[in-house]
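Fold and contact review
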Amino acid sequence: MNVNYEELKEKGYIDKEIDNSINIVDEIKKLKKSKNAILLAHYYQEGDVQDIADFVGDSLALSQKAAKSKADIIVFAGVHFMAETAKILAPNKKVLLPDLNAGCSLAESCLYEDFETFKNKYRDHTVICYVNTTARIKTLTDIVCTSSNAVQIVESLPKNEKIIFAPDKNLGNYINSITGRKMVIWDGACHVHEEFSLERILELKKENPEAKIIAHPECEKPILIVADHIGSTSSLLKFTVEDRAEKFIVATESGIIHQMKKKNPGKIFIPAPPKDSTCGCNDCNFMKLITTKKVYNCLKYEQPEIVLNEEMRIKAEIPIIRMLEISEKLGL
Ligand code: 13P
Ligand code: SF4
(Lines give C-alpha, C1' and ligand atoms only; values in the text may rest on other atoms or scores of the structure.)
(Ligands and ions follow the chains in the order given, each with its own letter.)
Protein backbone atom coordinates (compact mmCIF):
# COMPACT_ATOMS: atom_id res chain seq x y z
CA MET A 1 0.00 0.00 0.00
CA ASN A 2 1.65 3.24 -1.03
CA VAL A 3 -0.21 5.61 1.24
CA ASN A 4 1.33 7.14 4.31
CA TYR A 5 -1.40 6.54 6.85
CA GLU A 6 0.25 8.62 9.58
CA GLU A 7 0.49 11.53 7.15
CA LEU A 8 -3.22 11.19 6.30
CA LYS A 9 -4.01 11.26 10.03
CA GLU A 10 -1.74 14.27 10.57
CA LYS A 11 -3.46 16.13 7.78
CA GLY A 12 -6.72 15.36 9.56
CA TYR A 13 -8.27 13.28 6.76
CA ILE A 14 -9.31 10.51 9.14
CA ASP A 15 -10.50 12.17 12.35
CA LYS A 16 -10.88 15.77 11.18
CA GLU A 17 -13.32 17.62 13.40
CA ILE A 18 -16.60 18.29 11.66
CA ASP A 19 -18.60 21.49 12.00
CA ASN A 20 -21.41 20.70 14.46
CA SER A 21 -23.93 22.64 12.39
CA ILE A 22 -23.83 20.19 9.48
CA ASN A 23 -26.11 17.19 9.32
CA ILE A 24 -23.58 14.44 8.75
CA VAL A 25 -26.10 11.95 7.32
CA ASP A 26 -27.41 14.49 4.78
CA GLU A 27 -23.84 15.47 3.83
CA ILE A 28 -22.87 11.83 3.29
CA LYS A 29 -25.93 11.39 1.05
CA LYS A 30 -24.99 14.51 -0.97
CA LEU A 31 -21.35 13.43 -1.32
CA LYS A 32 -22.37 9.94 -2.44
CA LYS A 33 -24.62 11.41 -5.09
CA SER A 34 -22.21 14.06 -6.40
CA LYS A 35 -19.28 11.61 -6.54
CA ASN A 36 -21.25 8.59 -7.79
CA ALA A 37 -20.11 6.70 -4.71
CA ILE A 38 -21.65 3.67 -3.01
CA LEU A 39 -21.33 2.82 0.68
CA LEU A 40 -21.12 -0.89 1.47
CA ALA A 41 -21.35 -1.96 5.11
CA HIS A 42 -20.77 -5.28 6.86
CA TYR A 43 -23.31 -6.55 9.41
CA TYR A 44 -20.77 -6.02 12.21
CA GLN A 45 -20.71 -2.25 11.74
CA GLU A 46 -22.29 0.11 14.27
CA GLY A 47 -26.04 0.57 13.67
CA ASP A 48 -25.71 4.22 12.56
CA VAL A 49 -23.16 3.23 9.89
CA GLN A 50 -25.38 0.36 8.68
CA ASP A 51 -28.32 2.76 8.46
CA ILE A 52 -26.59 5.14 6.02
CA ALA A 53 -25.20 2.36 3.80
CA ASP A 54 -26.53 1.62 0.30
CA PHE A 55 -26.09 -2.06 0.99
CA VAL A 56 -25.52 -4.06 4.19
CA GLY A 57 -24.44 -7.68 3.95
CA ASP A 58 -22.11 -10.52 4.83
CA SER A 59 -18.71 -10.89 3.23
CA LEU A 60 -20.00 -12.96 0.27
CA ALA A 61 -22.82 -10.55 -0.58
CA LEU A 62 -20.50 -7.56 -0.22
CA SER A 63 -17.92 -9.01 -2.62
CA GLN A 64 -20.71 -9.86 -5.10
CA LYS A 65 -21.98 -6.29 -4.80
CA ALA A 66 -18.50 -4.78 -5.29
CA ALA A 67 -17.95 -6.91 -8.40
CA LYS A 68 -21.20 -5.67 -9.99
CA SER A 69 -21.24 -2.04 -8.81
CA LYS A 70 -21.47 0.75 -11.38
CA ALA A 71 -20.24 3.40 -8.90
CA ASP A 72 -16.96 5.27 -9.43
CA ILE A 73 -16.11 5.11 -5.73
CA ILE A 74 -16.74 2.29 -3.25
CA VAL A 75 -16.54 3.29 0.42
CA PHE A 76 -16.15 0.11 2.44
CA ALA A 77 -17.49 0.22 5.98
CA GLY A 78 -15.85 -2.99 7.10
CA VAL A 79 -12.33 -4.27 7.60
CA HIS A 80 -9.21 -4.18 5.45
CA PHE A 81 -9.45 -7.61 3.77
CA MET A 82 -13.01 -6.79 2.68
CA ALA A 83 -12.04 -3.46 1.09
CA GLU A 84 -9.04 -5.20 -0.49
CA THR A 85 -11.35 -7.86 -1.97
CA ALA A 86 -13.52 -5.07 -3.41
CA LYS A 87 -10.44 -3.47 -4.99
CA ILE A 88 -9.29 -6.81 -6.42
CA LEU A 89 -12.69 -7.25 -8.08
CA ALA A 90 -13.12 -3.63 -9.13
CA PRO A 91 -9.62 -2.39 -10.05
CA ASN A 92 -10.85 0.63 -12.00
CA LYS A 93 -12.84 1.99 -9.10
CA LYS A 94 -11.54 4.03 -6.22
CA VAL A 95 -11.97 1.86 -3.10
CA LEU A 96 -11.84 3.71 0.21
CA LEU A 97 -11.62 2.33 3.75
CA PRO A 98 -12.48 5.00 6.36
CA ASP A 99 -9.79 3.73 8.78
CA LEU A 100 -6.83 1.68 7.56
CA ASN A 101 -6.31 0.32 11.07
CA ALA A 102 -9.49 -1.72 10.66
CA GLY A 103 -7.69 -5.07 10.35
CA CYS A 104 -8.75 -8.60 11.30
CA SER A 105 -7.13 -10.85 13.92
CA LEU A 106 -8.01 -13.91 11.84
CA ALA A 107 -6.35 -12.55 8.67
CA GLU A 108 -3.34 -11.58 10.79
CA SER A 109 -3.06 -15.13 12.14
CA CYS A 110 -1.93 -16.27 8.69
CA LEU A 111 1.27 -14.57 7.52
CA TYR A 112 2.58 -15.03 3.98
CA GLU A 113 5.99 -16.61 4.65
CA ASP A 114 4.59 -19.01 7.28
CA PHE A 115 1.72 -20.03 5.05
CA GLU A 116 4.02 -20.55 2.05
CA THR A 117 6.18 -22.92 4.14
CA PHE A 118 3.04 -24.74 5.33
CA LYS A 119 1.68 -25.03 1.79
CA ASN A 120 5.02 -26.43 0.54
CA LYS A 121 4.62 -29.39 2.92
CA TYR A 122 1.41 -30.39 1.11
CA ARG A 123 2.26 -29.82 -2.54
CA ASP A 124 -0.49 -32.11 -3.89
CA HIS A 125 -3.24 -30.30 -1.93
CA THR A 126 -5.79 -27.79 -3.23
CA VAL A 127 -5.74 -24.62 -1.14
CA ILE A 128 -9.08 -23.21 0.02
CA CYS A 129 -8.80 -19.95 1.94
CA TYR A 130 -11.47 -18.09 3.79
CA VAL A 131 -11.94 -14.56 2.44
CA ASN A 132 -10.59 -13.29 5.81
CA THR A 133 -7.02 -13.30 4.46
CA THR A 134 -4.71 -10.72 2.93
CA ALA A 135 -4.43 -10.31 -0.84
CA ARG A 136 -0.93 -11.85 -0.62
CA ILE A 137 -2.34 -15.02 0.97
CA LYS A 138 -4.95 -15.14 -1.79
CA THR A 139 -2.10 -15.36 -4.33
CA LEU A 140 -1.23 -18.73 -2.71
CA THR A 141 -4.85 -19.89 -2.88
CA ASP A 142 -6.80 -22.01 -5.40
CA ILE A 143 -10.33 -21.11 -4.26
CA VAL A 144 -11.55 -18.50 -1.81
CA CYS A 145 -14.66 -19.09 0.29
CA THR A 146 -16.75 -17.21 2.85
CA SER A 147 -18.77 -18.61 5.73
CA SER A 148 -21.85 -18.47 3.45
CA ASN A 149 -20.45 -20.87 0.87
CA ALA A 150 -17.54 -22.70 2.57
CA VAL A 151 -19.32 -26.06 2.85
CA GLN A 152 -20.56 -25.92 -0.76
CA ILE A 153 -17.13 -24.88 -2.09
CA VAL A 154 -15.50 -27.83 -0.33
CA GLU A 155 -18.26 -30.17 -1.53
CA SER A 156 -17.79 -28.94 -5.12
CA LEU A 157 -14.41 -30.71 -5.14
CA PRO A 158 -14.13 -34.49 -5.67
CA LYS A 159 -14.43 -36.58 -2.47
CA ASN A 160 -10.81 -37.74 -2.69
CA GLU A 161 -9.31 -34.28 -3.30
CA LYS A 162 -6.64 -33.37 -0.76
CA ILE A 163 -7.36 -29.95 0.69
CA ILE A 164 -5.63 -27.35 2.84
CA PHE A 165 -8.11 -25.06 4.60
CA ALA A 166 -7.01 -21.73 6.08
CA PRO A 167 -6.95 -19.69 8.21
CA ASP A 168 -9.87 -20.41 10.59
CA LYS A 169 -9.46 -23.72 12.43
CA ASN A 170 -12.97 -23.62 13.92
CA LEU A 171 -14.63 -23.17 10.54
CA GLY A 172 -12.28 -25.79 9.03
CA ASN A 173 -13.05 -28.34 11.75
CA TYR A 174 -16.77 -27.62 11.41
CA ILE A 175 -16.61 -28.29 7.64
CA ASN A 176 -14.64 -31.51 8.24
CA SER A 177 -17.26 -32.65 10.75
CA ILE A 178 -20.23 -32.16 8.45
CA THR A 179 -18.65 -33.27 5.16
CA GLY A 180 -16.53 -36.14 6.47
CA ARG A 181 -13.48 -34.62 4.74
CA LYS A 182 -10.03 -34.66 6.29
CA MET A 183 -8.81 -31.23 5.26
CA VAL A 184 -5.45 -30.11 6.64
CA ILE A 185 -6.26 -27.04 8.71
CA TRP A 186 -4.23 -23.92 9.46
CA ASP A 187 -4.16 -23.01 13.16
CA GLY A 188 -5.82 -19.57 13.04
CA ALA A 189 -8.79 -18.05 14.82
CA CYS A 190 -10.78 -14.86 15.35
CA HIS A 191 -10.33 -13.14 18.72
CA VAL A 192 -14.07 -12.33 18.92
CA HIS A 193 -15.50 -15.76 18.14
CA GLU A 194 -12.97 -17.59 20.35
CA GLU A 195 -14.04 -15.58 23.38
CA PHE A 196 -17.55 -16.89 23.92
CA SER A 197 -18.05 -18.73 27.20
CA LEU A 198 -19.88 -22.05 27.01
CA GLU A 199 -20.53 -21.95 30.73
CA ARG A 200 -22.12 -18.51 30.61
CA ILE A 201 -24.13 -19.37 27.47
CA LEU A 202 -25.53 -22.44 29.26
CA GLU A 203 -26.40 -20.33 32.31
CA LEU A 204 -28.28 -17.94 30.00
CA LYS A 205 -30.08 -20.86 28.36
CA LYS A 206 -31.15 -22.11 31.81
CA GLU A 207 -32.58 -18.69 32.60
CA ASN A 208 -34.21 -18.48 29.12
CA PRO A 209 -35.11 -22.08 28.19
CA GLU A 210 -37.27 -20.91 25.28
CA ALA A 211 -34.33 -19.06 23.63
CA LYS A 212 -32.55 -20.60 20.65
CA ILE A 213 -28.76 -20.48 20.51
CA ILE A 214 -27.40 -19.37 17.13
CA ALA A 215 -23.68 -19.35 16.33
CA HIS A 216 -21.21 -18.38 13.64
CA PRO A 217 -18.95 -21.29 12.57
CA GLU A 218 -15.88 -19.32 13.69
CA CYS A 219 -16.95 -20.18 17.29
CA GLU A 220 -15.21 -23.01 19.14
CA LYS A 221 -16.61 -26.55 18.87
CA PRO A 222 -18.36 -26.70 22.32
CA ILE A 223 -20.38 -23.61 21.37
CA LEU A 224 -21.29 -25.11 17.98
CA ILE A 225 -22.38 -28.36 19.67
CA VAL A 226 -25.00 -26.54 21.78
CA ALA A 227 -26.17 -24.26 18.96
CA ASP A 228 -29.65 -24.72 17.43
CA HIS A 229 -28.44 -23.10 14.21
CA ILE A 230 -24.92 -22.54 12.82
CA GLY A 231 -24.33 -20.20 9.90
CA SER A 232 -22.80 -17.13 8.36
CA THR A 233 -24.06 -13.73 9.47
CA SER A 234 -26.71 -13.69 6.72
CA SER A 235 -27.78 -17.24 7.55
CA LEU A 236 -28.16 -16.36 11.25
CA LEU A 237 -30.21 -13.32 10.31
CA LYS A 238 -32.45 -15.37 8.02
CA PHE A 239 -32.95 -17.98 10.75
CA THR A 240 -34.20 -15.33 13.21
CA VAL A 241 -36.79 -14.23 10.64
CA GLU A 242 -37.96 -17.71 9.64
CA ASP A 243 -37.85 -19.50 12.99
CA ARG A 244 -40.81 -19.27 15.32
CA ALA A 245 -38.71 -18.65 18.42
CA GLU A 246 -39.15 -15.24 20.04
CA LYS A 247 -35.78 -15.18 21.81
CA PHE A 248 -32.26 -15.87 20.55
CA ILE A 249 -28.85 -16.10 22.21
CA VAL A 250 -26.50 -14.76 19.52
CA ALA A 251 -22.95 -16.16 19.42
CA THR A 252 -21.34 -13.86 16.92
CA GLU A 253 -20.24 -10.24 16.77
CA SER A 254 -22.90 -8.04 18.33
CA GLY A 255 -23.33 -5.67 15.33
CA ILE A 256 -25.62 -8.17 13.57
CA ILE A 257 -28.20 -7.70 16.33
CA HIS A 258 -29.02 -4.28 14.83
CA GLN A 259 -30.42 -5.96 11.67
CA MET A 260 -32.02 -8.78 13.69
CA LYS A 261 -33.99 -6.23 15.71
CA LYS A 262 -34.96 -4.27 12.58
CA LYS A 263 -36.22 -7.38 10.82
CA ASN A 264 -37.91 -8.87 13.87
CA PRO A 265 -39.62 -6.14 15.92
CA GLY A 266 -40.73 -7.68 19.19
CA LYS A 267 -38.28 -10.59 19.20
CA ILE A 268 -35.54 -10.58 21.85
CA PHE A 269 -31.83 -10.95 21.11
CA ILE A 270 -29.30 -11.65 23.84
CA PRO A 271 -25.61 -11.30 22.92
CA ALA A 272 -23.74 -14.47 23.94
CA PRO A 273 -21.41 -13.54 26.81
CA PRO A 274 -17.63 -13.70 26.49
CA LYS A 275 -15.37 -15.56 28.96
CA ASP A 276 -14.25 -12.28 30.50
CA SER A 277 -17.40 -10.44 31.57
CA THR A 278 -15.59 -7.06 31.69
CA CYS A 279 -14.00 -7.00 28.24
CA GLY A 280 -16.97 -6.40 25.90
CA CYS A 281 -15.06 -8.63 23.50
CA ASN A 282 -18.04 -9.82 21.48
CA ASP A 283 -17.50 -6.49 19.70
CA CYS A 284 -14.92 -6.64 16.92
CA ASN A 285 -12.70 -3.69 17.81
CA PHE A 286 -11.52 -3.51 14.19
CA MET A 287 -15.04 -3.25 12.77
CA LYS A 288 -15.98 -0.68 15.38
CA LEU A 289 -13.15 1.67 14.28
CA ILE A 290 -15.42 2.85 11.46
CA THR A 291 -17.68 5.75 12.45
CA THR A 292 -20.06 7.99 10.48
CA LYS A 293 -17.58 10.84 11.00
CA LYS A 294 -14.80 8.80 9.38
CA VAL A 295 -17.14 7.81 6.54
CA TYR A 296 -17.86 11.50 5.95
CA ASN A 297 -14.17 12.52 5.95
CA CYS A 298 -13.29 9.57 3.76
CA LEU A 299 -15.90 10.54 1.16
CA LYS A 300 -14.97 14.20 1.31
CA TYR A 301 -11.18 13.76 0.95
CA GLU A 302 -11.31 10.43 -0.95
CA GLN A 303 -8.78 9.01 1.50
CA PRO A 304 -7.58 6.51 2.73
CA GLU A 305 -7.57 4.61 -0.54
CA ILE A 306 -6.80 0.92 -1.07
CA VAL A 307 -3.96 0.67 -3.59
CA LEU A 308 -2.70 -2.71 -4.79
CA ASN A 309 0.23 -3.88 -6.83
CA GLU A 310 -1.32 -4.95 -10.17
CA GLU A 311 0.66 -8.20 -10.49
CA MET A 312 -0.52 -9.28 -7.03
CA ARG A 313 -4.08 -8.14 -7.73
CA ILE A 314 -4.30 -10.28 -10.86
CA LYS A 315 -3.07 -13.37 -8.97
CA ALA A 316 -5.37 -12.73 -6.00
CA GLU A 317 -8.38 -12.28 -8.28
CA ILE A 318 -8.23 -15.81 -9.72
CA PRO A 319 -9.37 -17.71 -6.56
CA ILE A 320 -12.02 -15.06 -5.79
CA ILE A 321 -13.49 -15.35 -9.29
CA ARG A 322 -13.53 -19.14 -8.87
CA MET A 323 -15.53 -18.67 -5.67
CA LEU A 324 -17.98 -16.27 -7.31
CA GLU A 325 -18.46 -18.62 -10.28
CA ILE A 326 -19.11 -21.65 -8.06
CA SER A 327 -21.46 -19.60 -5.87
CA GLU A 328 -23.40 -18.34 -8.89
CA LYS A 329 -23.70 -21.86 -10.30
CA LEU A 330 -25.09 -23.03 -6.95
CA GLY A 331 -27.43 -20.05 -6.69
CA LEU A 332 -25.75 -18.72 -3.53
P1 13P B 1 -19.40 -13.39 7.27
O2 13P B 1 -18.75 -14.16 6.17
O3 13P B 1 -20.50 -14.15 7.92
O4 13P B 1 -19.79 -12.04 6.80
O5 13P B 1 -18.33 -13.18 8.43
C6 13P B 1 -17.20 -12.40 8.23
C7 13P B 1 -16.44 -12.27 9.47
O8 13P B 1 -15.52 -11.50 9.56
C9 13P B 1 -16.81 -13.11 10.57
O10 13P B 1 -16.10 -12.76 11.69
FE1 SF4 C 1 -11.90 -10.54 11.69
FE2 SF4 C 1 -13.04 -11.61 13.82
FE3 SF4 C 1 -13.43 -9.04 13.29
FE4 SF4 C 1 -14.54 -10.95 11.72
S5 SF4 C 1 -14.99 -10.52 13.86
S6 SF4 C 1 -13.49 -9.11 11.05
S7 SF4 C 1 -12.94 -12.52 11.77
S8 SF4 C 1 -11.47 -10.02 13.81
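That block above? That's the structure.
All figures in this text were calculated on a predicted structure; none of them were measured in a lab.

What counts as what
Residues numbered from 1 in each chain as written. Chains lettered and ligands numbered in written order. Predicted model: local features only at pLDDT ≥ 70, side-chain atom pairs only at ≥ 80, totals over all residues. Heavy atoms only, no water. Near = heavy atom within 4 Å. Nonpolar A, V, L, I, M, F, W, Y, C, P; charged D, E, K, R; others polar. Polar contact = N/O pair within 3.5 Å; in protein donor to acceptor, adjacent residues only side chain to side chain. Areas by Shrake-Rupley, 256 points an atom, 1.4 Å probe, with all protein chains shown as cover. Pairing = 2+ DSSP bridges. Helix = DSSP H or I, 4+ residues; strand = E, 2+ residues; numbered from the N terminus. Buried < 20%, exposed > 50% of the residue type's maximum accessible area, 1.4 Å probe, protein only. Contact = heavy atoms within 4.5 Å. Phe/Tyr/Trp six-rings, centres within 6.5 Å; stacked < 30°, edge-to-face > 60°.

Describing the site of ligand 2
Around ligand 2, the neighbouring residues are Tyr 44, Val 79, Cys 104, Ser 105, Leu 106, Asn 132, Cys 190, His 191, Val 192, Glu 218, Cys 284 and Met 287. Of the residues in the shell around ligand 2, the class split is eight nonpolar, three polar and one charged.

Concerning the site of ligand 1
Within the structure, ligand 1 sits among His 42, Tyr 44, Asp 58, Ser 59, Tyr 130, Asn 132, Ser 147, His 193, His 216, Glu 218, Ser 232 and Thr 233. Note that an oxygen atom of ligand 1 is positioned 3.1 Å from one of the side-chain N or O atoms of Asn 132. In this structure, Thr 233 approaches ligand 1 through a side-chain N or O atom, which is 2.9 Å from an oxygen atom. The fraction of the free accessible surface of ligand 1 (300 Å²) that becomes covered by protein chains is 96%. Across the shell around ligand 1, the residue classes break down as two nonpolar, eight polar and two charged.

So, the sheet that holds strand E8 (residues 184-185)
Ordered by their spatial adjacency, four strands build an open sheet running E6-E5-E7-E8, and the pairing between neighbours is parallel. Every other strand in the sheet has two partners, leaving strand E6 (143-145) and E8 as the edge strands with one partner each. Across two bridges, the pairing between strand E7 (residues 163-166) and E8 is parallel. Paired with Phe 165 across the bridge in E8 is Ile 185.

As for the side chain of Asn 264
One can find Asn 264 in the loop between helix H14 (256-263) and strand E12 (268-271). Look at Asn 264 and you get buried, because its relative accessible area is 5%. Among the polar contacts listed, one links the side chain of Asn 264 to the side chain of Thr 240, at a separation of 3.0 Å. Sequence-distant contacts of Asn 264, defined by excluding residues within four places in its chain, comprise Thr 240, Val 241 and Phe 269.

Things to note about unusual backbone geometry
A cis amide bond links Ala 166 to the next residue, Pro 167, at an omega of -10°. Omega for the peptide link from Gln 303 to Pro 304 comes to -10°, which places this bond in the cis form. One non-glycine residue, Asn 36, lies in the positive phi region at around 50°. Note that Asn 36 resides in the loop between helix H2 (24-34) and strand E1 (37-42).

Considering the packing of aromatic side chains
For the structure shown, the criterion picks out six aromatic pairs. Consider the rings of Phe 115 and Trp 186, whose centres lie 5.5 Å apart with planes at 80°: the pair is edge-to-face. Placement of Phe 115 in helix H7 (residues 112-120) and of Trp 186 in the loop between E8 and helix H11 (198-207) is noted, with a sequence separation of 71 residues between them. The pair formed by Phe 115 and Trp 186 is uniform in burial state, with each residue classed as buried.

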